[in-house]
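Working through the structure, step by step
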Amino acid sequence: MNFISIKGLETKVSQLIMGSDYFMPEKIEQVSDILDAYVQIGGNTIDTAHIYCGGKSELALGLWLQNRGKRDDIVIFTKGAHHDAKGPRVNAEAIEHDLMTSLERLQTDYVDLYGLHRDDPNVPVGPIIEALNRHIEAGRIRAIGASNWTHGRIQEANDYAAAHGLQGFSFSSPNLSLAKANEPYWEGCVTADAETCAWHASSQLPLLSWSSQARGFFTGRYRPEDRSDADTVRVFYSDANWERLRRAEELARKRGVTAIQIALAYVLNQPFPTAALIGPRNQAEMESCAEATRIQLTPEEMDWLEKVEA
């Protein structure tokens, strides 16, 4: 397993981050089997959020951590301040409410990585950074980041933090995958485009990618004539992405691996620190992800995979 460093953490973060958006306490045996397998391949970071499964994801993760005695060995990445039915809620009150609830569910007094799940561009960055720093000072958070924030807003926030002697964002968590999104999978989500990736290459701010494998687009189960999955059709079906799939399959044959492993390797071989959120449901899928971390792609291969005429 490869690891990356994130400012604010003493422990390095594994390049494969285990997703938990389907975890529930009533499925704790399945959850335990998956997390035990994840630890066995060398993973040490688990992604969750205040809203996942109505809070059940954090509850299940907390149970596993207590049952296995793993809290000191695991990097917890949770998120809060997601909008609700009334709209955006990126403010100090929502951050405190969601964080304190998450800590209780997770049965811990701190989280290693805390990300704002959404942005509200109408809110100035200053009060947001100040609110998060109060929780850092209280020992509840080690490092802060942003999920689904534009790189421009992150830079603005970090400029404010630097000017006021505060801790800024240490990571960003948008979507980054070999298949390029036609539109956001969920409203308000951010996909890392070429400009965003250039900013990350310049700043070297770590990127933790969700939907890193384009929700199974590269598994081979999707073809242009199959339009049964409306969301996948809406987000990933395009001539350019079909060509990227074809190229991934061609390179996979040459390397003796699979196209989905090439797609994952694409995320992990960027010219800036990256980690990929993964969602394997069984041992075979877990081992497939682990094997992908050992694939080294050249800059020429990366360009060939990605740069397709639309």
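Structure's up top.
Here we take up the packing of helix H9 (residues 259-268) against helix H10 (residues 283-292). Packing of H9 against H10 leaves a shortest axis separation of 8 Å and a crossing angle of 50°. The pairing of H9 with H10 is recorded here as oblique in orientation. In this structure, H9 meets H10 at a crossing whose hand is right-handed. Of the residues in H10, those in contact with Ile 260, Gln 261, Leu 264 and Ala 265 of H9 are Ser 288, Cys 289, Glu 291 and Ala 292. A class-by-class count of the residues in the contact of H9 with H10 yields five nonpolar, two polar and one charged.

This part covers the state of the cysteines. Scanning the entire structure with this criterion turns up zero disulfides. We note that Cys 53 lacks a disulfide partner, and the nearest cysteine sulfur, in Cys 189, lies 16 Å from it. A relative accessible area of 26% means that Cys 53 is categorised as partly exposed.

A positive phi angle, near 65°, is found at Ala 81, a position not held by glycine. By secondary structure assignment, the location of Ala 81 is in the loop between strand S5 (75-80) and helix H3 (92-106). In this structure, Gln 204 takes a positive phi of about 60° despite not being glycine. Residue placement: Gln 204 occurs in the loop between helix H6 (194-203) and strand S9 (207-209).

About the thresholds
Each chain has its residues counted from 1, running along the sequence as written. Note on the predicted model: pLDDT of at least 70 is required for a residue's local features to be given, and 80 or more for side-chain atom pairs to be given and counted; whole-chain, interface and lining totals, by contrast, use all residues. The basis for every side-chain value is the complete set of non-hydrogen atoms in the structure, without hydrogens or water. A fitted line through C-alpha atoms represents every axis, and for helices the fit uses only the stretch in contact; the resulting angles, taken between N-to-C directions, go from 0 to 180 degrees. The secondary structure listing takes helices from DSSP runs of H or I that are at least 4 residues long and strands from runs of E that are at least 2 residues long, numbered from the N terminus. Under this scheme an angle from 65 to 115 degrees is roughly perpendicular, one under 35 degrees roughly parallel, and one over 145 degrees roughly antiparallel; angles in between are oblique. By definition, any crossing whose near helix is turned counterclockwise from its far helix by less than a right angle is left-handed, and any crossing with a clockwise turn is right-handed. We call two residues in contact when some of their heavy atoms are within 4.5 Å. Each residue receives one of three labels: charged for Asp, Glu, Lys and Arg, nonpolar for Ala, Val, Leu, Ile, Met, Phe, Trp, Tyr, Cys and Pro, and polar for the others, Gly being one of them. Throughout, disulfides are identified as pairs of cysteine sulfur atoms within 2.5 Å of each other. Using a 1.4 Å probe on the protein chains alone, a residue whose accessible area is under 20% of its type maximum counts as buried, one over 50% counts as exposed, and one in between counts as partly exposed.

Everything listed is a geometric property; what it means functionally is a separate question.
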